[in-house]
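This is what each chain is made of:
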Amino acid sequence: MSCYVRKTYLQPSPPKWDMWIHRDLSDNHCEECLVLHECWFEKKKTPKWPHHPFCHCILVDIQYNTVLSLSSCKCPYEKIDPYLFDPDNFYKHGKSAMLESWGYTIQDSTYLKEEIEKQGLEKYRNGDYTLGQLNAYGQRISIRVELPRKNGDGMVSFITGWMVKPNGLIQLNTPFGGK
Ligand SMILES: [Zn+2]
Ligand SMILES: [Zn+2]
């Protein structure tokens, strides 16, 4: 007896993303809802919605293609030089100590900026981020960035902090938020 097995081909379904829309339906504007307006999130990593009783916000589906083609990121050069490496010892936060122990110096600022942007955007698009604090200034997310040790002895990683902006933009806040 022959047995015919019907093969079903499963198509991978693209990740689902939301755009947060704050609808202007009352005079009471909640700062947190306002600042989320038109921000994009992977569906499982969207800030709490509805955000509170009587929240007027809605979530709109966005095509993953749109996320891939239009999302962007910005790491201002100044966040690395002078802020992170702090050559004049102005900020006194000591955040560069870990990077320096891995062999990086202020001369690597352009490389670090480009690498943080590249990995940050790629991980945001993959939904590989963690939601952080949300307040009137915006929704923070953290993203882990990996770098090779300068001496060739394997990889190290650290947390970078970003602010989610409208229309798929993430902007670097904290170049080194800990290991
Ligand atoms: Zn609100
Ligand atoms: Zn709301």
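For the structure, see preceding data.
Residues numbered from 1 in each chain as written. Chains lettered and ligands numbered in written order. Predicted model: local features only at pLDDT ≥ 70, side-chain atom pairs only at ≥ 80, totals over all residues. Heavy atoms only, no water.

K.L.:
How would you summarise the nonpolar core if you had to cite specific residues and measurements?
P.N.:
The biggest cluster of nonpolar side chains holds 39 residues, and the ones touching the most others in it are Leu-99 and Tyr-124. Both domain 1 (17-67) and domain 2 (71-174) contribute no fewer than three residues apiece to this core. Discounting residues that sit within four places of it in the chain, Tyr-124 has contacts with Trp-17, Trp-40, Ser-71, Tyr-129, Ile-141, Ile-143, Val-164, Gly-168 and Ile-170. (Core = buried A, V, L, I, M, F, W, Y, C linked by side-chain atoms within 4.5 Å. Buried < 20%, exposed > 50% of the residue type's maximum accessible area, 1.4 Å probe, protein only. Domains from an automatic or database assignment. Contact = heavy atoms within 4.5 Å.)

K.L.:
Explain the coordination of the zinc ion (ligand 1) to me, using residue names and the numbers behind them.
P.N.:
Binding of the zinc ion (ligand 1) to the protein goes through Cys-30 (SG), Cys-33 (SG) and His-52 (NE2), at separations of 2.0 to 2.5 Å. Distance-wise, the zinc ion (ligand 2) is placed 3.3 Å from the zinc ion (ligand 1), both being coordinated by Cys-33. Judged by relative accessible area, Cys-30 falls into the partly exposed class, the value being 25%. For Cys-33, a relative accessible area of 1% translates into the label buried. (Donors = N, O, S within 2.8 Å, 3.2 Å for Na, K, Ca; no water.)

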